[in-house]
Amino acid sequence: MATLPVSLENITEHFGPHLARSLGNRLATGVEPDKTVATHCCFCGMQCGIHLKVKDNQVIGFEPREDFPFNRGMLCPKGVKRYLQGAHPDRLVTALERDPNSPGGFRPMEYEKALDRVAAEIKRIQEKYGRDAFAVLSGASLTSEKTYLMGKFARLALKTANIDYNGRLCMVSAGAGNKKAFGVDRAANPWSDIPKAEVIWISGSNVAECFPITTDYVWQARENGAKIIVVDPRITPIARTCNLFLPVKPGRDIALFNGILHLMIENDWLDHRFIEQHTVGFEALAEHVSQWNPKRTSDVTGIAEKSIRQAAEWWGTAKSSFLMHARGIEHHSHGVQNVLGAINIVLASGRIGREGCGYATITGQGNGQGGREHGQKCDQLPGGRDISNPDHRAYVAKVWGVEADEIPKAGVDAYEIFREIDRGNIHGLLSICFNPKVSLPDSDFITRALEKLDFYVAIDFFLNETAHHADVVLPGSLHEEDEGVVAQVEGRVIRINKVVEPPGDARADWTIIQDIAHRLDCRKGFSFANPGEIFEELRVASKGGTCDYSGITYEKIEKQNGVFWPCPSEDHPGTLRMFEPGSWNPIAKGAGPFYFPDGKARFNVAPYTPPTEDVDADYPVILTTGRVVSHFLSGSQTRRIGPLVDQYSEPRLELHPKLAEKYGISDGDQVTVESRRSSIQLPAHVVTTIRPDTVFVPYHWAGRQSINRLTISAQDPISKIPEYKVCAVRIKKGLRTED
Ligand SMILES: Nc1nc2c(c(=O)[nH]1)N[C@H]1C(S)=C(S)[C@@H](COP(=O)(O)OP(=O)(O)OC[C@H]3O[C@@H](n4cnc5c(=O)[nH]c(N)nc54)[C@H](O)[C@@H]3O)O[C@H]1N2
Ligand SMILES: Nc1nc2c(c(=O)[nH]1)N[C@H]1C(S)=C(S)[C@@H](COP(=O)(O)OP(=O)(O)OC[C@H]3O[C@@H](n4cnc5c(=O)[nH]c(N)nc54)[C@H](O)[C@@H]3O)O[C@H]1N2
Ligand code: SF4
Ligand SMILES: [Mo]
């Protein structure tokens, strides 16, 4: 039996930020760079600071960036290798046009001609089928300037209601839960609060593999004597070093949170003064959780009663604490309920809005925070405004110089866009920074829908698997080829600096979008000369909204090494920590720290509902999915970086020895995994670090290796996030006979 590729002994080798520090220095030897530019990593929401070294308009290496306070020179394996993308032979340097007779199915096309064709097809489709028949899918790896522009482009240039983004797959359950409870959607605390907390609660996050730099903060807390509680169906690397591990059955976290609150009430581990002064709704919630006694909680979650009591006691009696969660509790058809459950135990403890007392959802994508603020969501306008709210529409319309009724109504979510394509209601698609064929669930359906499109244009720097279905591909920009801002995991707005020029015919993404707008006879509002001008408009458009950027300038970001939003005026330093007593916000206006007119946070009753597809006699095993340290998202970038492929070259089916024995499977055997949607074959990886009723597969691969062919397209009714973390499968040793 093999162990996980990473063990406690070699954990530093795999995730050790300090190793990266020395590697950077080693790479520095040999070639003399022309210049070194301070910027940030292109991958996850940590947005670690990094120096990129440039020679002849080519990124040739990196150096640690000690001055950025978040990572202080540390980087993870992906950050260390990110610089290898630009020189990759697959880098798109011309526009492409679909041509079945050309090798690879595409032939190069002149950029201007490609734009003409795109505009003509958009006009043709919209004239024939109506404005909303052309949809836009955008991404949260883009800078905030671009995400702002995408929202404006869809509403004003295309005049379509149908724009949504890949954060629909990521941050929306957390966002909806935070808005329901706090009235605003941002990590409540800076990470500097983590080491000051005496209890750290981590639910549904593989912190060490997905947020390696956060591991350092958690370990600092541990050095200071903190107790670490981890809730996960797998003993992930961070769980191996925790004080209490709760092996939850996938899809049952809300039962656990309700059970913890039950014990907090029973033992009077509550902050009565905080509940009284700063919250509403506690009585109804207390009534609801009275049914969640430890026995019932244990029966539903699969966690031992003793462990539940221990967790409740540590959490209940702590003086300071930090609760964080990620997609493990959010990727569910009741993801919002899970998030509300987590927030309920934070509010009941009163430990929020103070130093060392924190709560956060850990943001995934590079601009996963900023990308969900300024209007590329189907129901949102800039500044976190609501597209259905007449006041919000009127404000943004004024900034855009249009009438409020010219702004389309709310559109449908990213998955529904594909259902609408399938139903014949959407005929054209523009996608940027999104690879839905690999990243959406039940992906055989997505493939079929893509083939039904009349016209599809993709903007990317690589020909990702979805773009293979495009009629035209436009060569966009890599992270280091453009400038702008992003908001990292803590809500700190930082600057991405331009390091090199886009090669060949490749263009900064925002210029491509403007070029298309111009060909749609839409110049007004799309004549920005640079990202700085877009940012100036974004500042105005966000003013007075919950995500208020109006006091943030490029210069101030530079000077302060980042500015935390909200920042309502130029003399305001930004908001390091949310919800501090006496703090101001645009909704409460001094009535209290939370973003509701009365300034109070909301407790929400969050009932338990089982996953949409539970196991049964035909499909008796739970499938859950997620990530490994060396690959990123759909893998379109990291599967092209050799050293990362070497670290983890193919997906494997993680399963427990007991389950393996039941099916006669040994480590390394080929196994057929089948759900009601599809089936694939994978090598078995037999490990003791997973629940015996659950199997895990990472999702970074495409085609025959893509686990999303099996996952279910059930969505949370509020957030519309897909249920990636639970569906039912059956497994069998060997290949399927018909293959
Ligand atoms: N290396 C790497 N890092 C990344 C990314 C990447 O692709 N690769 N992507 C970035 C992005 S966009 C995101 S969103 C984040 C994701 O970061 P995470 O959410 O930490 O990662 P996941 O692997 O999706 O899932 C986290 C954990 O949830 C557990 N889990 C599964 N089902 C349940 C459940 O029902 N309850 C609980 N409590 N846990 C469950 C899984 O076992 C897994 O360990 O990572 C970011 N960082
Ligand atoms: N089974 C399963 N599926 C999942 C998940 C899971 O846990 N399990 N997690 C979900 C989550 S949390 C997420 S965030 C999604 C992510 O899913 P996707 O967003 O589809 O994945 P990416 O790999 O980020 O695809 C983005 C594309 O954007 C391109 N790109 C990156 N930066 C830029 C840029 O600056 N400009 C342009 N033009 N293009 C750019 C990349 O080259 C890539 O082709 O996957 C989701 N899918
Ligand atoms: S932790 Fe995230 S931002 Fe930092 S180096 Fe790794 S992938 Fe890049
Ligand atoms: Mo994500």
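About the criteria used
Residue positions within a chain follow its written sequence, with the count starting from 1. Just so you know, chain letters begin at A and ligand numbers begin at 1, following the order they were written in. For a predicted model such as this one, the threshold for reporting local features is a pLDDT of at least 70, and the threshold for listing and counting side-chain atom pairs is 80 or more; totals across whole chains, interfaces and linings nevertheless cover every residue. As a rule here, side-chain values come from all non-hydrogen atoms in the structure, and water together with hydrogens is ignored. In this text, near means that some heavy atom of the residue lies within 4 Å of the molecule or strand in question. Polar contact criterion, stated in full: a pair of N or O atoms within 3.5 Å, where within protein one must be able to donate a hydrogen and the other to accept it, and residues adjacent in sequence count only if both atoms are side-chain atoms. For every accessible area listed, the method is Shrake-Rupley and the probe measures 1.4 Å; residues are considered covered only by the protein chains on display. In this description a helix means any DSSP run of H or I spanning at least four residues, a strand means any run of E spanning at least two, and both kinds are numbered starting from the N terminus. Gly counts as polar in this scheme, as do all residues outside two lists: the nonpolar Ala, Val, Leu, Ile, Met, Phe, Trp, Tyr, Cys and Pro, and the charged Asp, Glu, Lys and Arg. Domain limits in this description derive from either an automatic procedure or a database domain assignment. What makes a nonpolar core is a set of buried Ala, Val, Leu, Ile, Met, Phe, Trp, Tyr and Cys residues whose side-chain atoms join them at distances within 4.5 Å. Only protein chains enter the accessibility calculation, which uses a 1.4 Å probe. A residue is then buried if its area is under 20% of the maximum for its type, exposed if over 50%, and partly exposed in between. By definition, residues are in contact when any of their heavy atoms lie within 4.5 Å. Centres within 6.5 Å are what make two rings of Phe, Tyr or Trp a pair, Trp counting through its six-membered ring; a difference in plane orientation under 30 degrees is then read as stacked, over 60 as edge-to-face, and the rest as tilted. The rule is short: NZ of Lys or CZ of Arg within 6 Å of the ring centre and within 35 degrees of the ring normal puts a charge over the ring. This arc describes the spread of directions from the helix axis toward the C-beta atoms. Note on definitions: buried area is the accessible-area loss of two parts on being combined, 1.4 Å probe, summed for both. Salt-bridge detection follows one rule: a side-chain nitrogen of Lys or Arg within 4 Å of a carboxyl oxygen of Asp or Glu. In short, DSSP must find at least two bridges between two strands for them to pair. To obtain an axis, a line is fitted to C-alpha atoms, over the contacting stretch when the element is a helix, and the angle between two such axes runs from 0 to 180 degrees between their N-to-C directions.

1. Observations concerning the site of ligand 1
Right, so step 1: Contacts to ligand 1 come from 35 residues, most closely from Asp 232, Asp 253, Arg 627, His 631 and Leu 633.
Right, so step 2: Here an oxygen atom of ligand 1 sits 2.9 Å away from a polar atom, N or O, in the main chain of Asn 206.
Right, so step 3: Out of a free accessible area of 910 Å², ligand 1 has 100% covered by protein chains.
Right, so step 4: Listing elements by their share of the shell around ligand 1, those giving two or more residues are α7 (207–210), α15 (327–330) and β23 (621–626).
Right, so step 5: Of the residues forming the shell around ligand 1, the biggest block, three residues, is contributed by α15.
Right, so step 6: Split into classes, the residues belonging to the shell around ligand 1 amount to 14 nonpolar, 13 polar and eight charged.
Right, so step 7: Counting contributing residues per domain, the shell around ligand 1 is built from domain 3 (172–362) and domain 4 (621–733), each supplying no fewer than three.

2. Considering the nonpolar core
Right, so step 1: Within the largest apolar cluster, 119 residues are counted, with the highest numbers of intra-cluster contacts made by Phe 153, Phe 182, Trp 201, Ile 352, Leu 474 and Ile 516.
Right, so step 2: Here this core takes nine residues from helix α16 (residues 335–349), the largest share from any one element.
Right, so step 3: Both domains that furnish three or more residues to this core are identified here as domain 2 (104–170 + 371–564) and domain 3 (172–362).
Right, so step 4: Excluding its chain neighbours within four sequence positions, the residues that come into contact with Leu 474 are Ala 95, Tyr 111, Ala 114, Leu 115, Val 118, Val 457, Ala 458, Ile 459, Asp 460, Ile 512 and Ile 516.
Right, so step 5: Membership of the second largest hydrophobic core comes to 52 residues, among which are Val 37, Phe 43, Val 54 and Ala 326.

3. Details of the packing of aromatic side chains
Right, so step 1: If you walk through the whole model with that rule in mind, you get 19 aromatic pairs.
Right, so step 2: Measuring from centroid to centroid gives 5.4 Å for Phe 70 and Tyr 217, while their planes differ by 35°, and the two rings are tilted. Placement of Phe 70 in the loop between β3 (58–64) and α3 (77–81) and of Tyr 217 in helix α8 (residues 212–223) is noted, with a sequence separation of 147 residues between them.
Right, so step 3: Measuring from centroid to centroid gives 5.2 Å for Phe 461 and Phe 462, while their planes differ by 75°, and the two rings are edge-to-face. Just as Phe 461 is buried, Phe 462 falls in that class too.
Right, so step 4: One cation-aromatic arrangement involves Lys 152 over Phe 526; the distance from NZ or CZ to the ring centre is 5.3 Å.
Right, so step 5: One cation-aromatic arrangement involves Arg 296 over Trp 292; the distance from NZ or CZ to the ring centre is 3.8 Å.

4. Focus: the site of ligand 3
Right, so step 1: Within the structure, ligand 3 sits among Cys 41, Phe 43, Cys 44, Met 46, Gln 47, Cys 48, Leu 75, Cys 76, Lys 78, Gly 79, Pro 212 and Ile 213.
Right, so step 2: Of all the secondary structure elements, the ones that give two or more residues to the shell around ligand 3 are α3 and α8.

5. Points about unusual backbone geometry
Right, so step 1: The residue after Trp 565, namely Pro 566, is reached through a cis peptide bond having omega -5°.
Right, so step 2: Looking at the secondary structure, you find Pro 566 in the loop between β21 (563–564) and β22 (601–602).
Right, so step 3: If you check the backbone angles, Lys 159 has positive phi at about 55° while not being a glycine.
Right, so step 4: Checked against the element boundaries, Lys 159 lands in the loop between α5 (144–158) and β7 (163–165).
Right, so step 5: Given a relative accessible area of 36%, Lys 159 falls into the partly exposed group.

6. A few points about helix α12 (residues 282–289)
In an α-helix, one turn spans 3.6 residues, which is why side chains three or four residues apart end up on the same side.
Right, so step 1: Along α12, the residues that are buried comprise Phe 282, Leu 285, Ala 286, His 288 and Val 289. Looking straight down α12, one finds its buried side chains confined to an arc of 160°; they lie on one side. Turned more than 90 degrees away from the buried face of α12, the exposed residues are Glu 283 and Glu 287.

7. Brief notes about the domain arrangement of the protein
Right, so step 1: As far as domains go, the protein holds domain 1 (21–85), domain 2 (104–170 + 371–564), domain 3 (172–362) and domain 4 (621–733).
Right, so step 2: Placing the centre of domain 2 and that of domain 3 at their C-alpha centroids yields a distance of 34 Å.
Right, so step 3: Contacts between domain 2 and domain 3 engage 13 residues on the former and 16 residues on the latter.
Right, so step 4: Between domain 2 and domain 3, a total of about 1,100 Å² is buried, with carbon and sulfur atoms accounting for 50% of that surface.
Right, so step 5: The tally of links between domain 2 and domain 3 comes to one salt bridge.
Right, so step 6: For Asp 185, the salt bridge is made with Arg 372, and the minimal N-O distance between the two is 2.8 Å.

8. Some words on the sheet that holds strand β12 (residues 321–325)
Right, so step 1: Strand order in the open sheet made by the five strands is β10-β9-β8-β12-β13, with parallel pairing throughout. The outermost strands of the open sheet, each flanked by one partner alone, are β10 (244–246) and β13 (357–361). With direction set aside, neighbouring strand axes in the sheet form an average angle of 10°.

9. Some thoughts on helix α6 (residues 172–182)
Right, so step 1: The buried count for α6 comes to nine of eleven residues, which makes it a mostly enclosed element.
Right, so step 2: When α6 is considered as a whole, its buried residues turn out to be Val 172, Ser 173, Ala 174, Gly 175, Ala 176, Gly 177, Asn 178, Ala 181 and Phe 182.
Right, so step 3: Buried residues along α6 sit against β7, β12, α15, α16, β13 and β22.
Right, so step 4: Just downstream of α6, Gly 183 is the residue with a positive phi angle, here 80°.

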